[in-house]
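Letter by letter, the chains look like this.
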Amino acid sequence: MSPPRKGASNLLLLLLLAILSCRFAESAIGVNWGTVSFHRLKPSTVVDLLKENKIGKVKLFDADPGALEALMGSGIQVMVGIPNELLSTISSSVSASDLWVRQNVSRYMVKGGADIRYLYIAVGNEPFLTSYSGQFQTYVMPALLNLQQSLTKANLAGYVRLVVPCNADAYESPSLPSQGAFRPELTQIITQLVSFLNSNGAPFVVNIYPFLSLYGNSDFPQDYAFFEGTTHAVTDGPNVYTNAFDGNFDTLVSALTKLGYGQMPIVIGEVGWPSDGAPGANLTAAKVFNQGLINHVVGNKGTPLRPGSPPMDVYIFGLLDEGAKSVLPGNFERHWGIFSFDGQAKYALNLGQGNKNLKNAENVEYLPSRWCVVDSSKDLTNVANHMRIACSVADCTTLNYGGSCNEIGVKGNISYAFNSFYQLKMQDERSCDFDGLGMVTFLDPSVGECRFLVGVTETKGSSSSKSSSSFIGSRRWMISIIVLFIWAVQLLMM
Ligand SMILES: *[C@@H]1O[C@H](CO)[C@@H](O)[C@H](O)[C@H]1NC(C)=O
Ligand SMILES: *[C@@H]1O[C@H](CO)[C@@H](O)[C@H](O)[C@H]1NC(C)=O
Ligand SMILES: *[C@@H]1O[C@H](CO)[C@@H](O)[C@H](O)[C@H]1NC(C)=O
């Protein structure tokens, strides 16, 4: 081989490598976009936030028209959810299923429309959750079969995949990943499900939460939840596990293998770490966990049972804090966002999608810069009742033990509650009265990490910025051009 040719083949190799790494790393990280918030950003602001951060995949919890319209033309791949209430109807009626697909999927899948790749059956998102004690299980397969028919009729069956996100409790963990198996009472339905997924080329979607393992179990070794190495590695035959995520993932792989589907692709539907509202939930821990996870995934390390082959996609939970979520699971439930409710990054994070750091939402429309605080010159004997009422509606979760505002003192507590309520009421003057105990201030009362929020103006149902170019589309173009180029180089070398 002559030297120039060798140069050319080296170049070829480099380009091939570039393409391969491009392909594997391509938008493997997505986010969950939940909207249970008192202060919702405009959908177009959220879509711009996704684009700015080069986030190419998003999972919604429903089929919200505002969100889907804003996503049209963005090139961002969308996973859409079907809410619980509809499951029984869709499972018993093909025409209901047809209608739902027409109104909530087909409508957006026009040229330059939304790129809906997955449709999922929700049921609180996790139909097999132990706490549902089986009440939804019977709907799952009939609903899937009806929806598949509807997708076929709509000519979408080759593109949109039906999936069913499962909580990791579907395969309640034994101590060793290799012993993983689905819960016995679920074996039949899961067998039907994976066979259905497999015949449609769909992945198994699972939600994995090392935080909840740690939160719910004081014996759980803390460092095993993270990706920084552990003093509690789990040895499973020839395999050694140094983090809960891999252990959990391989438990699922083992469970799937026992059903004969050991090769089934796996997508992580939800994974993340809250930053507030519990002792183990803080900014440092959330940053360390999420960054460790992302590096682990985009580094293509895989797990002991699937070396070099990480989950297809990983959807971080979540994009934004959702201050109106139920706190039944714990006060941390309102603090899972990598961004606060108003699209401001909580900590530095490299999503591995090209940007070194998170970019904040732009053009957020805030209410005026003013806050409601307690007037401490007043007699505060009766303040407790006001505070209780304010916090029963507005979000006061950060005041509790382990929260970022836990140490701001009695008056700080009262002011925080008053302000949360005042902002929730869109700064309505009367909402800062509290029988004369409240007063409006123009000085930000935030202390340290404890942030007194200012609401954003709610503009519901407003529709979207429809930018024509898509950054993902353009990347695909670039790859095509490189492929053509390589092909030309090859021709020349022949
Ligand atoms: C489905 O689409 C209709 C029409 O756009 C909309 O009114 C409805 O909210 C959507 N349903 C769900 C469950 O998202
Ligand atoms: C943050 O959380 C981690 C574990 O999740 C804990 O080890 C650490 O002590 C917490 N930091 C603070 C300042 O509370
Ligand atoms: C502030 O409120 C929280 C939550 O009710 C409580 O845990 C904390 O002790 C309060 N702080 C003071 C100084 O009363």
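Residues numbered from 1 in each chain as written. Chains lettered and ligands numbered in written order. Predicted model: local features only at pLDDT ≥ 70, side-chain atom pairs only at ≥ 80, totals over all residues.

### Topic: the overall build of the chain
Thinking step 1. Across its full length, the chain carries 13 helices and 15 strands.
Thinking step 2. In the chain, which comprises 494 residues, the proportion classed as buried is 44%.
Thinking step 3. Counting only contacts in the chain whose residues sit at least 6 apart along the sequence, the fraction spanning at least 24 positions is 72%. (Helix = DSSP H or I, 4+ residues; strand = E, 2+ residues; numbered from the N terminus. Buried ≥ 20, exposed ≤ 12 C-beta atoms within 10 Å, placed from the backbone. Contact = placed C-beta atoms within 7 Å.)

### As for the site of ligand 3
Thinking step 1. Around ligand 3, the neighbouring residues are Leu-399, Asn-400, Tyr-401, Gly-409, Val-410 and Asn-413.
Thinking step 2. Taken together, the residues of the shell around ligand 3 break down into 3 nonpolar, 3 polar and no charged. (Near = placed C-beta within 6 Å. Nonpolar A, V, L, I, M, F, W, Y, C, P; charged D, E, K, R; others polar.)

### Some details on the site of ligand 1
Thinking step 1. Around ligand 1, the neighbouring residues are Asp-62, Ala-63, Pro-65, Pro-83, Gln-103 and Asn-104.
Thinking step 2. Among the residues making up the shell around ligand 1, the classes are represented as 3 nonpolar, 2 polar and 1 charged.

### Structural notes on the pairing of strand S14 (residues 371-374)
Thinking step 1. The two faces of S14 match: Trp-371 and Val-373 on one face and Cys-372 and Val-374 on the other face are all buried.
Thinking step 2. Looking at chain direction, S14 and strand S15 (residues 438-441) are connected through 4 bridges and run antiparallel. The residue of S15 that forms the bridge with Trp-371 is Thr-441. (Pairing = 2+ DSSP bridges.)

### Considerations on the packing of helix H11 (residues 383-393) against helix H12 (residues 409-424)
Thinking step 1. Between H11 and H12, the shortest axis-to-axis distance is 9 Å and the interhelical angle comes to 45°. By the angle class used here, H11 and H12 are oblique. For H11 against H12, the interelement crossing comes out left-handed. Judged by residue contacts, Val-383, Met-387, Ala-390, Cys-391 and Val-393 of H11 engage Ile-414, Ala-417, Phe-418, Ser-420, Phe-421 and Leu-424 from H12.
Thinking step 2. When grouped by side-chain class, the residues that make up the contact of H11 with H12 number 10 nonpolar, 1 polar and no charged. (Axes fitted to C-alpha atoms, helices over the stretch in contact; angles between N-to-C directions. Parallel < 35°, antiparallel > 145°, perpendicular 65-115°, else oblique. Left-handed = near helix turned anticlockwise from the far one by under 90°.)

### Here's the deal with helix H5 (residues 94-104)
Thinking step 1. Within the sequence span of H5, burial applies to Ser-97, Trp-100, Val-101 and Asn-104. The arc enclosing the buried residues of H5, seen along the axis, measures out at 95°, which places them on a common side. Exposed side chains of H5 directed beyond 90 degrees from the buried face belong to Ser-95 and Gln-103.
Thinking step 2. Elements that come into contact with the buried residues of H5 comprise strand S3 (77-82), helix H4 (87-92) and helix H6 (137-153). (Arc of directions from axis to C-beta.)

### Some points on the nonpolar core
Thinking step 1. Counting 101 residues, the largest nonpolar core has Leu-71 and Val-206 as the members making the most contacts within it.
Thinking step 2. When residues in this core are grouped by element, the largest group, 7 residues, is from helix H9 (residues 244-258).
Thinking step 3. Not counting residues within four places of it along the chain, the set of residues in contact with Leu-71 comprises Val-47, Ile-76, Val-78 and Ala-114.
Thinking step 4. With 25 residues, the next largest nonpolar core counts Phe-38, Val-373, Val-383 and Ile-408 among its residues. (Core = buried A, V, L, I, M, F, W, Y, C linked by C-beta atoms within 7 Å.)

### Let's talk about the confidence of the model for the chain
Thinking step 1. Mean pLDDT for the chain: 86, with 84% of residues reaching 70 or above.
Thinking step 2. For the stretch residues 1-7, pLDDT sits under 50, and the model shows 2 contacts to residues farther than four places along the chain or on other chains.
Thinking step 3. This stretch, residues 461-491, has a pLDDT under 50; its non-local contacts, to residues over four places away or in other chains, come to 38 contacts. (pLDDT = per-residue confidence, 0-100.)

### Observations concerning H9
Thinking step 1. Taking 1.5 Å per residue, 15 residues should reach 21 Å; H9 reaches 21 Å between its end C-alpha atoms and fits that length.
Thinking step 2. Counting buried residues along H9, 13 of its 15 residues qualify, which places the element largely inside the surrounding structure. (Expected span 1.5 Å × (residues − 1).)

### As for the packing of H5 against H6
Thinking step 1. Between H5 and H6, the least distance of the axes is 8 Å, while the angle of their chain directions is 55°. The orientation of H5 with respect to H6, classified from their angle, is oblique. H5 and H6 meet at a crossing whose hand is right-handed. Two secondary-structure elements touch here, H5 through Val-94, Ser-97, Asp-98 and Val-101 and H6 through Asn-146, Leu-147, Gln-149, Ser-150, Leu-151 and Lys-153.
Thinking step 2. Across the contact of H5 with H6, the residue classes tally to 4 nonpolar, 4 polar and 2 charged.

### Remarks on unusual backbone geometry
Thinking step 1. In the segment running from Phe-317 into Gly-318, the intervening peptide bond is cis, with an omega of 0°.
Thinking step 2. Looking at the element boundaries, Gly-318 is found in the loop between strand S13 (314-316) and S14.
Thinking step 3. At Lys-54, a position not held by glycine, the phi torsion is positive, near 55°.
Thinking step 4. Its place among the elements puts Lys-54 in the loop between helix H2 (43-52) and strand S2 (57-60).
Thinking step 5. The backbone of Asn-155 shows a phi angle near 60°, a positive value even though the residue is not glycine.
Thinking step 6. By the C-beta count within 10 Å, which is 10 here, Asn-155 ends up exposed.

### Description of the environment of Glu-172
Thinking step 1. Secondary-structure assignment places Glu-172 in the loop between strand S6 (166-167) and helix H7 (187-199).
Thinking step 2. For Glu-172, a count of 15 C-beta atoms within 10 Å gives the class partly exposed.

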